[in-house]
Amino acid sequence: MGDPHPKLHATDLTRTFGRAPRAVDALGPVDLTVTPGEFVCLVGPSGCGKSTFLRIAAGLLRPSTGRLEIRTSSPRPAAMIFQDYGIYDWKTVRANVRFGLDIQRVPRREANARADQWLTRMGLADFAHAYPAALSGGMRQRVAIARALAVEPELLLMDEPFAALDAQLRMILQEELLELTQATRTTTLFVTHSLEEAIVLGDRVLVMSARPGRIIAEHHPPFPRPRTGDIRSTPEFTSLKSDLWDLLRKEAVPA
Ligand SMILES: Nc1ncnc2c1ncn2[C@@H]1O[C@H](COP(=O)(O)OP(=O)(O)OP(=O)(O)O)[C@@H](O)[C@H]1O
Ligand SMILES: [Mg+2]
């Protein structure tokens, strides 16, 4: 069924920062395969190397050892969404969403049309010509999501994209992301501190150890797709959450 090649394949991946005697082993070794259409969530204690892994996957950072392969056909690259949104304050909302399309040299008229479609989808149609300073945190995060999705990425890398939002808005955006990724089947690697978020969104939830982060457990939330946030009220949800919490608590306690 579909494309048999993994979208992301990491083998024995590690990253160390600095030099001995002050070297910090930040990550790994990590082995991970993400297949097309999969939504994989990474959880782990603070400082265990989650952002480091995502930055390597996005090509922003080199691994120290090991290999990371991303298989995308060139016009549809990987897109990354950061916790701090990473949008440009000096560009209008529409120009922000158009950004990746401009880089791909999509003709202006088509790029504007595609940007406007995503703005409509994200409930931001009235703000196309506004500047980010005029938006709330949740709206800015929607702009970042629209910008990432406008390029129709083959691989979406998200680093705690909802961490700065209040609980209610966070749930709303989780639902939107769920709908969107289920409709588009976008392959996604999603980092979060929230176990609930990981269970709601993920086909797989990978638990990382304390630094240097390795993958120490893998869970498959047993909820068929398409799913909605309603699964939060099931006993399976509660029990998986407590299993994950037991694992994570052991890692979060400093040795
Ligand atoms: N550019 C850098 N130079 C030196 N050390 C770094 C650098 N980036 C990250 N580190 C170190 O690598 C380790 C892992 O950092 P990373 O940001 O990947 O953790 P994280 O799992 O994303 O944490 P959090 O959950 O708090 O975001 C930390 O000890 C951090 O101090
Ligand atoms: Mg991080």
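Residues numbered from 1 in each chain as written. Chains lettered and ligands numbered in written order. Predicted model: local features only at pLDDT ≥ 70, side-chain atom pairs only at ≥ 80, totals over all residues. Heavy atoms only, no water.

A. Broad picture of the overall build of the protein chain. When you go through the protein chain residue by residue, the secondary structure sums to 7 helices and 9 strands. Relative to a compact globule of 255 residues, whose C-alpha radius of gyration would be 18 Å, the protein chain shows 18 Å and is just as compact. C-alpha extents for the protein chain along the principal axes are approximately 55 × 45 × 40 Å. Sorting the 255 residues of the protein chain into buried and exposed places 49% on the buried side. Pairs at least 24 residues apart make up 70% of the contacts formed inside the protein chain by residues separated by at least 6 positions. (Helix = DSSP H or I, 4+ residues; strand = E, 2+ residues; numbered from the N terminus. Rg over C-alpha atoms; globule rule 2.2 N^0.38 Å. Buried < 20%, exposed > 50% of the residue type's maximum accessible area, 1.4 Å probe, protein only. Contact = heavy atoms within 4.5 Å.)

B. Structural detail: the domain arrangement of the protein chain. Domain annotation for the protein chain reports domain 1 (1–77 + 156–255) and domain 2 (85–152). Look at where the C-alpha atoms of domain 1 and domain 2 centre, and you get two points 25 Å apart. Taken together, the contact pairs 14 residues of domain 1 with 13 residues of domain 2. Interface area for domain 1 against domain 2, summed over the two sides, is near 1,100 Å², with a carbon-plus-sulfur share of 65%. Here domain 1 is connected to domain 2 by 1 salt bridge. (Domains from an automatic or database assignment. Buried area = accessible area lost by both parts, 1.4 Å probe. Salt bridge = Lys/Arg side-chain N within 4 Å of Asp/Glu carboxyl O.)

C. Structural context of the pairing of strand 8 (residues 204–208). In terms of burial, strand 8 is largely enclosed, as 5 of its 5 residues are buried. Every second residue of strand 8 is oriented toward a common face, with Arg204, Leu206 and Met208 on one face and Val205 and Val207 on the other, all of them buried. Inspection of the sheet shows strand 3 (residues 39–43) paired to strand 8 by 4 bridges, in the parallel sense. Across the sheet, residue Leu42 finds its bridge partner in strand 8, namely Leu206. Connecting strand 8 to the antiparallel partner strand 9 (residues 215–219) that follows it, the hairpin turn spans 6 residues. (Pairing = 2+ DSSP bridges.)

D. Molecular detail of the sheet that holds strand 2 (residues 24–34). Across the sheet, which stays open at both edges, the 3 strands sit in the order 2-1-4 with antiparallel pairing between neighbours. Edge strands, defined here as strands with exactly one partner in the open sheet, are strand 2 and strand 4 (65–70). Neighbour-to-neighbour, the strand axes of the sheet open up by a mean angle of 25°, direction not taken into account. Strand direction decides the pairing type here: strand 1 (residues 8–17) and strand 2, joined by 7 bridges, are antiparallel. Each residue of the ladder has a partner; that of Leu13, found in strand 2, is Val30. (Axes fitted to C-alpha atoms, helices over the stretch in contact; angles between N-to-C directions.)

E. Inspection of the site of ligand 1 at higher detail. Close to ligand 1 lie Phe17, Ala26, Ser46, Gly47, Cys48, Gly49, Lys50, Ser51, Thr52, Glu160, His193 and Arg211. Side-chain polar atom of Ser46 to an oxygen atom of ligand 1: 2.5 Å apart, as the coordinates give it. For ligand 1, the protein covers 63% of the area, taking 640 Å² as the surface of the free molecule. Taken together, the residues that form the shell around ligand 1 break down as 3 nonpolar, 6 polar and 3 charged. (Near = heavy atom within 4 Å. Polar contact = N/O pair within 3.5 Å; in protein donor to acceptor, adjacent residues only side chain to side chain. Areas by Shrake-Rupley, 256 points an atom, 1.4 Å probe, with all protein chains shown as cover. Nonpolar A, V, L, I, M, F, W, Y, C, P; charged D, E, K, R; others polar.)

F. Spatial organisation of the side chain of Thr52. Locating Thr52 in the fold gives a position in helix 1 (residues 50–57). The exposure class of Thr52 is buried, given its relative accessible area of 10%. What Thr52 contacts, discounting residues up to four positions off in sequence, is Arg15, Phe17, Ala26, Leu27 and Leu61.

G. Main features of the packing of helix 2 (residues 93–103) against helix 3 (residues 108–121). Interaxial distance between helix 2 and helix 3 falls to 9 Å at its minimum, and their mutual angle equals 120°. Overall, the two elements helix 2 and helix 3 adopt an arrangement that is oblique. Along this stretch, helix 2 crosses helix 3, giving a crossing that reads as right-handed. Facing Val93, Arg94, Val97, Arg98, Leu101 and Asp102 of helix 2, the residues of helix 3 in contact are Arg108, Ala111, Asn112, Arg114, Ala115, Asp116, Trp118 and Leu119. The class makeup of the residues in the contact of helix 2 with helix 3 is 7 nonpolar, 1 polar and 6 charged. (Parallel < 35°, antiparallel > 145°, perpendicular 65-115°, else oblique. Left-handed = near helix turned anticlockwise from the far one by under 90°.)

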